[in-house]
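One letter stands for each residue in the lines below.
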Amino acid sequence: MAAVLDASDVRPGSVVVDLGCGTGSVSLPLAQRGAQVTAVDLSPSMLDLLSAKASDAGIDGITTLAAPLEELDLPEGSVDLIVSNYALHHLHDRDKEALVVSALRWLRPGGRMVIGDMMFGRGTSARDRSIIGSKAAVMLKRGPAGWWRLLKNVGRFWFRMEERPVTMETWERYFRQAGFTEVVATPVRLEASVVAGTKPGS
Ligand SMILES: C[S@@+](CC[C@H](N)C(=O)[O-])C[C@H]1O[C@@H](n2cnc3c(N)ncnc32)[C@H](O)[C@@H]1O
């Protein structure tokens, strides 16, 4: 989350969309910096919690929208920054790719997209194997509860039921193929990476 915020470079008045915002760990700090944030999530209860947190903290500038990202549409050229943190691995690969294409359309020229997420594949690279190995080791150390979690995660990951991460290189390719420039991919720690790009023009 901190890496996404660091890469975001918002200014007061920036128009921001947070995709899969959850309870607002990215939307709230961006709004605190003066951005006008549309916080999008599938789950109305997450959005209710976000609104409660914003109101408790006296933070204005957040509009919530309950919608599946697969069906989201926004006016062309209407957004300065699109962010997403730990949400897009839930989408099917074709929907990830289509979302990046749509995001380019929604951004104004010079606008940016920044996504942070778990980014790894199924073990074909040394990086994948090291990520999968260290995640498994952490869970194994937790005893029976961890073993059960590991088993569930292996099923979810292997059969791509709820968690469908792709590699950082795949995200980079989606960004470049959609037409983003200045595409930068940065490993953060363990499985987490950030990929950012800019819409050409100014
Ligand atoms: C792990 S949480 C991350 C929340 C937040 N971005 C954060 O960093 O704390 C993933 C969020 O993505 C949302 N989500 C998952 N699939 C979605 C979809 N297809 N459309 C919209 N939101 C989705 C979930 O409801 C959940 O709030």
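Just so it is clear, the model here is predicted, and its values are computed rather than measured.

**A closer look at the overall build of the protein**
Of regular secondary structure, the protein possesses seven helices and seven strands. The globule rule puts the C-alpha radius of gyration for 202 residues at 17 Å, and the 17 Å found for the protein is close to it. Its C-alpha atoms give the protein principal-axis dimensions of about 50 × 40 × 30 Å. The burial tally for the protein puts 35% of its 202 residues in the buried class. Of the contacts made within the protein by residues no fewer than 6 positions apart, 63% connect residues no fewer than 24 positions apart.

**A short note on the domain arrangement of the protein**
Considered domain by domain, the protein is made up of domain 1 (2–119 + 165–198) and domain 2 (122–162). If you average the C-alpha positions of domain 1 and of domain 2, the two centres end up 26 Å apart.

**What about the sheet that holds strand 4 (residues 79–85)?**
Strands sit in the order 3-2-1-4-5-7-6 across an open sheet of seven strands; the sheet is mixed. Each edge of the sheet is formed by a strand with only one pairing partner; in this case those strands are strand 3 (62–66) and strand 6 (181–189). Averaged over neighbouring strand pairs, the angle between their axes works out to 15° when direction is ignored. In the sheet, strand 4 pairs with strand 5 (residues 107–118) via six bridges, with the strands oriented parallel. Looking at strand 5, one finds that V79 is bridged to L107. Seen against the sheet, helix 3 (residues 44–57) touches strand 2 (36–41) and strand 3 and runs at an angle of roughly 170° to strand 3. Contacts from helix 4 (residues 93–106) reach strand 4 and strand 5 within the one sheet, and its direction differs from that of strand 5 by about 145°.

**Considerations on the environment of P165**
Relative to the elements of secondary structure, P165 occurs in the loop between helix 6 (144–158) and helix 7 (168–178). The sequence separation of P165 and E71 amounts to 94 residues, and the corresponding C-alpha distance is 20 Å. Discounting residues that sit within four places of it in the chain, P165 has contacts with H89, D117, M118, M119 and F120.

**Some thoughts on the site of the ligand**
Close to the ligand lie 18 residues; G20, G22, L42, N85 and A87 are nearest. The residue makeup of the shell around the ligand, split by class, is 10 nonpolar, six polar and two charged.

**Focus on helix 3**
Between its first and last C-alpha atoms helix 3 spans 20 Å; for 14 residues at 1.5 Å apiece the expected length is 20 Å, and the two agree. Three or more residues of helix 3 are buried, namely L47, L50 and A54. Buried residues of helix 3, viewed axially, fall in a sector of 55°; they line one side. Residues of helix 3 that are exposed and point over 90 degrees away from its buried face: S45, A52, S55 and D56. The elements touched by buried residues of helix 3 are helix 2 (27–32), strand 2 and strand 3. Taken from the residues just after helix 3, G58 is the one with a positive phi, measuring 65°.

Cut-off values and rules
Residues numbered from 1 in each chain as written. Predicted model: local features only at pLDDT ≥ 70, side-chain atom pairs only at ≥ 80, totals over all residues. Helix = DSSP H or I, 4+ residues; strand = E, 2+ residues; numbered from the N terminus. Rg over C-alpha atoms; globule rule 2.2 N^0.38 Å. Buried ≥ 20, exposed ≤ 12 C-beta atoms within 10 Å, placed from the backbone. Contact = placed C-beta atoms within 7 Å. Domains from an automatic or database assignment. Pairing = 2+ DSSP bridges. Axes fitted to C-alpha atoms, helices over the stretch in contact; angles between N-to-C directions. Near = placed C-beta within 6 Å. Nonpolar A, V, L, I, M, F, W, Y, C, P; charged D, E, K, R; others polar. Expected span 1.5 Å × (residues − 1). Arc of directions from axis to C-beta.

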